[in-house]
Amino acid sequence: MRNIFLSITRPLSLPHWWQDVLLAVPRIYMGVLMSFYFGSSKFGLPWSPAEKNLGFFEVAFWFPGDVAEYGGVFALAPAFLAWMAAFSEAVGGLFLIIGFQTRLFSFLIACTMVVAAFVQHGGHELWQQLPATGFLWVSLFTMVLGSGRIGLDFIISKKISHV
Amino acid sequence: MYKIFFLAVSIALGTTACVQKTQKRVVVVTVSLQQVEKAAKVGIRGGGNPLTWENDWELTPTITDSVFTGSFVANTAYNSYEVKFTLNGEMELNNKPNRVITFATKGDTTFYNAIFNKP
């Protein structure tokens, strides 16, 4: 169990500190956008806009309907999938900022962005797919690398390894 | 196997309960033109069902070519609704923020009065 946790948590170590700092920039920026802009407008967090009237950890009323319209598997459990997608953005974004369970939340965000880019905006102009694909590419990198040295995962995995 | 099924059903039901609850909001809007426009067609556009930003929700004149009124029912969980009025298909408040109709806290009907193109 400990080994599984460590393999998910422990980031890949890059040769130099500056490389970790540089790679933390897109991860943290993406986390801010996800948690404080895109995610918080459809998932209830303390900083969600007041006019959205979202309760804590509530998903916006219109989102399950949108998900159901994608059809197929999305129509089977739209509330669950909408909640997961909104949670991935809002809470996942926050965890990306602090670099906690970076791989796990990168995976959730990547799944959400695949759907956003290629299902929600599938067939639309490329410009409309661009935000979601941008997040997707960053999340693929963070899924492989983890948080790097700039994140809680680095501290946690170091402490656990020494126990 | 049944444990996994039970867990999946529990999560699905649990997240369904975490969806924002909506309520019906009746909005009655009245808009006055700043000056009388002959054969004026006035509408309202907005974000979210039943209004759209693409098409007019047409208002009916209460004073010909001057004052227009209309109503719509929004099934929403939000506290407010963003709109703009149109005159002969042209949207008001160009490059300015949308009007925000804040729903009445008492009762389910909100009355909103405005002057066209004046925030």
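Residues numbered from 1 in each chain as written. Chains lettered and ligands numbered in written order. Predicted model: local features only at pLDDT ≥ 70, side-chain atom pairs only at ≥ 80, totals over all residues. Heavy atoms only, no water.

**A look at the overall build of chain B**
Next, step 1: Across its full length, chain B carries 1 helix and 9 strands.
Next, step 2: Each helix and strand of chain B, ordered N terminal to C terminal, gives the series α-β-β-β-β-β-β-β-β-β.
Next, step 3: Considering only contacts in chain B between residues 6 or more positions apart, those separated by 24 or more positions represent 63%.
Next, step 4: On chain B, roughly 7,400 Å² of surface is accessible, and the fraction owed to carbon and sulfur atoms is 57%. (Helix = DSSP H or I, 4+ residues; strand = E, 2+ residues; numbered from the N terminus. Contact = heavy atoms within 4.5 Å. Areas by Shrake-Rupley, 256 points an atom, 1.4 Å probe, with all protein chains shown as cover.)

**Examining the interface of chain B and chain A**
Next, step 1: Listed per partner, the contact involves 14 residues of chain B and 16 residues of chain A.
Next, step 2: Our count for the contact surface shared by chain B and chain A stands at 0 salt bridges.
Next, step 3: Taken together, the links from chain B to chain A amount to 10 residue pairs in polar contact (both at pLDDT 80 or more).
Next, step 4: Of all the secondary-structure elements, those providing two or more residues to the side of chain B that touches chain A are α1 (2-17) and β5 (67-76) of chain B.
Next, step 5: Broken down by element, the side of chain B that touches chain A gets its largest block of residues, 4 residues, from α1 of chain B.
Next, step 6: Counted by class, the side of chain B that touches chain A contains 6 nonpolar, 8 polar and no charged residues. (Salt bridge = Lys/Arg side-chain N within 4 Å of Asp/Glu carboxyl O. Polar contact = N/O pair within 3.5 Å; in protein donor to acceptor, adjacent residues only side chain to side chain. Nonpolar A, V, L, I, M, F, W, Y, C, P; charged D, E, K, R; others polar.)

**Notes on a nonpolar patch on the surface**
Residues and elements named next belong to chain A.
Next, step 1: Together, V114, F118, V119, W137 and L140 make up an exposed nonpolar region whose accessible area comes to about 430 Å².
Next, step 2: Of all the secondary structure elements, the ones that give two or more residues to the nonpolar patch are α5 (102-120) and α6 (126-145).
Next, step 3: By residue number, the principal contributor to the nonpolar patch is α5, which donates 3 residues.
Next, step 4: Summarising the element assignment, V119 is placed in helix α5.
Next, step 5: Given a relative accessible area of 34%, V119 falls into the partly exposed group. (Patch = residues over 30% accessible without salt bridge, like charges linked within 9 Å, V, L, I, M, F, W, Y side chains within 5 Å. Buried < 20%, exposed > 50% of the residue type's maximum accessible area, 1.4 Å probe, protein only.)

**Quick word on the packing of aromatic side chains**
All names here are of chain A.
Next, step 1: Throughout the structure, instances matching the rule amount to 18 aromatic pairs over all chains.
Next, step 2: Between F43 and W83, the aromatic rings sit 5.5 Å apart at their centres with planes inclined by 70°, giving edge-to-face as the arrangement. Of this pair, F43 sits in the loop between α2 (17-38) and α3 (63-69) while W83 sits in helix α4 (residues 78-98), and the two are 40 residues apart along the sequence.
Next, step 3: Residue F43 is classed as buried on the basis of its relative accessible area, which comes to 0%.
Next, step 4: Classification of W83 by relative accessible area gives buried; the value is 12%.
Next, step 5: Plain terms: the ring middles of F87 and F105 are 6.1 Å apart, the flat faces sit at 50° to each other, and that makes the pair tilted. Highlighted residues: F87 in helix α4 and F105 in helix α5, separated in sequence by 18 residues.
Next, step 6: Take F87: its relative accessible area is 15%, and that puts it in the buried class.
Next, step 7: By relative accessible area, F105 is classed as buried at 7%.
Next, step 8: By way of ring pairs, the aromatic residues F43, F56, F57, W83, F87, F95, F100 and F105 are connected into one cluster. (Phe/Tyr/Trp six-rings, centres within 6.5 Å; stacked < 30°, edge-to-face > 60°.)

**Brief notes about the sheet that holds strand β4 (residues 60-63) of chain B**
Residues and elements named next belong to chain B.
Next, step 1: Spatially, β4-β5-β1-β9 is the arrangement adopted by the 4 strands of the open sheet, whose pairing is mixed. Two strands lie at the open edges of the sheet, namely β4 and β9 (109-115), each paired on one side alone. The mean inter-strand angle of the sheet, taken between neighbouring strand axes irrespective of direction, is 30°. (Pairing = 2+ DSSP bridges. Axes fitted to C-alpha atoms, helices over the stretch in contact; angles between N-to-C directions.)

Spatial relationships are all this shows, so hold off on functional conclusions.
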